[in-house]
Amino acid sequence: MIGTGILKGMGVTARNFVGSYFEKERLITVQYPEERSPLPENYRNFPFLIYDGEDPQAGLRCVACKICEKECPPQCIYIVKSDDKKPDYMGKPQFYPKVFDIDISVCMSCQICVEVCPFEAIKMDKEFELSKRERFNHLLQRKEELSKPNEYYHGICPTEAADVDAKLGAAAEAAAKKKAVAAAPAAPVLAKPTGPTGSTSAPASS
Amino acid sequence: MSATVQTLEAMERPPVTMSSRLEGELLEVSMGPQHPSTHGVFRMNVTLDGEIVRKLKPVFGYLHRNHEQIGEQTTYLGSMPYTDRLDYFCSMSNNWAYALSVEKLAGIEVPERAEYLRVILAELTRLQNHASLLGFLLSDMGAWGTPLMYAFREREKILDLFESLAGSRMMCDYMRFGGCRVDADDNWLAGARKIVDRFPKFLDEFEELILGNEIVIARTQNVGKLSADLAISAGITGPMLRACGVNYDVRKVDGYGFYPRFKFRIPLGEHGDTYDRLMMRALEMRESVEILKQALAQIQPGAIVNPKAKIRAFRPPVGEAYGRIEAPKGELGFYLISDGGPNPYRYRVRPPSFINLTVLEDLCLGHTVADVMVILGSVDIVMGEVDR
Amino acid sequence: MESLEQIKARAEAAIPGAKIDIVPNLGPANQPSLLIDNEHAPAIAKFLRDDPTLRLDFCSNVTGVDWLDRVTKKTVKVKKVVEGEEKEVNEPIEERIPGYLEAVYHLFSMAHKHGPITIRMRTRDRGEGARLPSLTPVWRSAEFQEREIFDLYGIRFDGHPDLRRILMWDEFEDHPMRKDYVQPDDFEWEPTPHDDVLARAKQHYAPRPAEQELRPS
């Protein structure tokens, strides 16, 4: 009979209308500014720079190797390498980025910079409420705005940050052992670097 | 027919009749680029005789950004996030097609778990693409909002899965040459199973909503008929081709990924009209659910990326390769020529929705303007891919 | 499916005068292609489509490739008169391969479910001689894609029903996918890390030198 199809459809809409009051899966929207659904840990938005220790500028892990600048597909990173070395938070002299800009209006959140960084220095942030008053000065983020402490990284991605810390710790340990072995050549038994991360120790410790 | 058009000055001027104004005269109308039913910035120059379409010329290029040249200027890996932006509904499928082509070009093997993850994600993409397409199509027919919102509700659940795995809802950038970027943990797989198990319930409800609906039938049956011969000659692929009854699915023909391991059927249409194209999507979603169930049951722990595939300084050997997959909209192919350098010498995308538009004029001739929107909706285009 | 050598032999036998070369592909993909001569291209295409064992009825992908002029260096033994006596000398010569544009077609068979067979055609040069016969009459799917090649590479397809620009606007003059295409420098510039873009844009919009404006017209 003509019209039954339409009536059936009306039945479906009625079921959804009433159901949205009782069933959670029929109403999945949240009232955004007041209510927020939690962000998954893998969520990514724009990159930021990690520093260790107290001083944001001395503790930057970035050594201005410019790999991320080269690999960035939309070319939104701009780095000027320093001429001199400054001590980092561990007291080791390091090159540092004199300028590190990310134009977040160009960045497309692909996280290739994170993948190619050998120093675990750049990570993806989760802050997404980024509306700014001015396009030219506010969306071009400078080094000072980009630097965030390691604790912040632990706060947004606990699992991943713990993995990174373990990796860096193992690398530093291996490097220290290597150094100790090199300093004491009388112990040939220990000449092999121990631990599976031994081979990656070079960039993290230099 | 001689409807009288009343004007404010009807008292002073003799009445103008529709027949005297339009009979025998052709009217050229530019539909789009800003039109809610063109699914983006797509324009058609339509020549109308009354309300009947006599000529239709699609106009492209409003979203053209020379994607292929961008691909030739960035590294192989650097093009991966750009492929997300081709067909922004199906970034996972685009990633897979590109990764598959580069793997062919460089001869990289993919570990088993990564292949399973790729199948799972590509089929989830198909589910959400087809679901939203059905919603949009009904929206084009005048069922504003309601079916679209039901479809988007399901799509949102799948996008949440993508977000928790790849970090982004639509711009996933998930696949890498020789595998995938992030491993899916057990929680994620359990969540995926839950969504897949509940999906048929949505399909039942949605089919109840539209299947027997007299308005849908009146608007779609015998509208925009496509013959199998024309479809093959015009290179139509995907559900649009199978709606004409041609059994051609790259998943079966090429057997890429692990598709030969799964049992699934290829739904085929009979008439090639808009109704068949619409039903093809609904039926394909059911088969996708079957594939997903099997894949989620078979997936084993293991490596997700081939350690031989380098991320930095990736240079495939000199040669060329054409790789293709069955994306939700049709055959998505990438043609790459390597000259041994870090960038591809030639990077070409074979966009399914662009080539499926070849027959748009043939489908629309002799139909009314209102049918043009329905036919265009059933082709399933995304302008990010059409204009590249 | 038959090997390319068999296809070549059969096609050359079926179409008198046709010339087909096999272009090897050294990469791991191992997809060699057939280079068909422009004059007989429509006949060869029709043969590939209609031959009962091939039935390549589905032309999936059509694309252009730009090959610039190349110079290859070789050393050749040349007989030369050096200091009064004839000697064989190794002499480096530069061989100049003129550039050309290429149209590549990837063919599949929906009837027999095999493929791909890649065929390619080359233009005489990159300028006035960039003409090829259109294969749109054989495969309708080439219609938009050949238009795209015409737009982006500038190959004119003879016999195409509606050869217009498709992605760029009609008034656009250059062919942006060519390797020697120069990007326009009139960007809307703004402070970004793209230093070179900024420099070029500033140069473009720089005020003209004073003496140029003062010169009487």
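Refer to the structure printed above.
Criteria and thresholds
Residues numbered from 1 in each chain as written. Chains lettered and ligands numbered in written order. Predicted model: local features only at pLDDT ≥ 70, side-chain atom pairs only at ≥ 80, totals over all residues. Heavy atoms only, no water. Helix = DSSP H or I, 4+ residues; strand = E, 2+ residues; numbered from the N terminus. Buried < 20%, exposed > 50% of the residue type's maximum accessible area, 1.4 Å probe, protein only. Contact = heavy atoms within 4.5 Å. Areas by Shrake-Rupley, 256 points an atom, 1.4 Å probe, with all protein chains shown as cover. Expected span 1.5 Å × (residues − 1). Bend = angle between axes of the 7 residues up to and from the residue. Polar contact = N/O pair within 3.5 Å; in protein donor to acceptor, adjacent residues only side chain to side chain. Core = buried A, V, L, I, M, F, W, Y, C linked by side-chain atoms within 4.5 Å.

Caption draft 1: Focus on the overall build of chain B. Secondary structure assignment for chain B yields 16 helices and 10 strands. Here chain B, with 388 residues, has 64% of them falling under the buried criterion. Sequence separation of at least 24 residues holds for 71% of the intrachain contacts in chain B that already meet a minimum separation of 6. On chain B, roughly 13600 Å² of surface is accessible, and the fraction owed to carbon and sulfur atoms is 54%.

Caption draft 2: Representation of helix H7 (residues 186–210) of chain B within the structure. With 25 residues, H7(B) ought to run about 36 Å at 1.5 Å a step, and its terminal C-alpha atoms sit 36 Å apart, in line with that. The largest bend along H7(B) measures about 30° and falls at B:Arg198, with the proline B:Pro200 one to four residues further on.

Caption draft 3: Fine view of helix H3 (residues 142–153) of chain C. All names here are of chain C. Here H3 lies mainly inside the structure; 12 of its 12 residues are buried. Of the residues making up H3, those classed as buried are Ala142, Glu143, Phe144, Gln145, Glu146, Arg147, Glu148, Ile149, Phe150, Asp151, Leu152 and Tyr153. Directly beyond the C-terminal end of H3, a positive phi value near 80° is found at glycine 154.

Caption draft 4: Examining the environment of C:Arg49 more closely. All names here are of chain C. Turning to its location among the elements, arginine 49 is positioned in helix H2 (residues 41–50). A residue is classified by how much of its surface remains accessible, and arginine 49, at 23% relative accessible area, is partly exposed. Linking arginine 49 and cysteine 59, residues 10 residues apart in sequence, is a C-alpha distance of 9.2 Å. Contacts of arginine 49, omitting those with residues within four sequence positions, involve Arg55, Leu56, Asp57, Pro137, Val138 and Trp139.

Caption draft 5: Seen up close, the side chain of B:Lys329. All names here are of chain B. Looking at the element boundaries, lysine 329 is found in the loop between strand S8 (319–327) and strand S9 (330–338). The exposure class assigned to lysine 329 is buried, which follows from its relative accessible area of 1%. For lysine 329, the side chain forms a polar contact with the side chain of asparagine 129, separated by 2.7 Å.

Caption draft 6: Here's a closer look at the nonpolar core. Of all hydrophobic cores here, the largest spans 93 residues; its most connected members are B:Leu124, B:Tyr174, B:Phe177 and B:Trp188. Broken down by element, the residue count for this core peaks at 13 residues, all from helix H5 (residues 112–140) of chain B. Excluding residues within four positions of it along the chain, B:Phe177 makes contact with B:Tyr76, B:Leu77, B:Met80, B:Tyr98, B:Ala99, B:Val102, B:Glu103, B:Ile108, B:Val305, B:Ala309 and B:Phe314. B:Cys364, C:Ile7, C:Val104 and C:Trp139 belong to the second-largest nonpolar core, a separate cluster that totals 87 residues.

These figures capture arrangement, not role.
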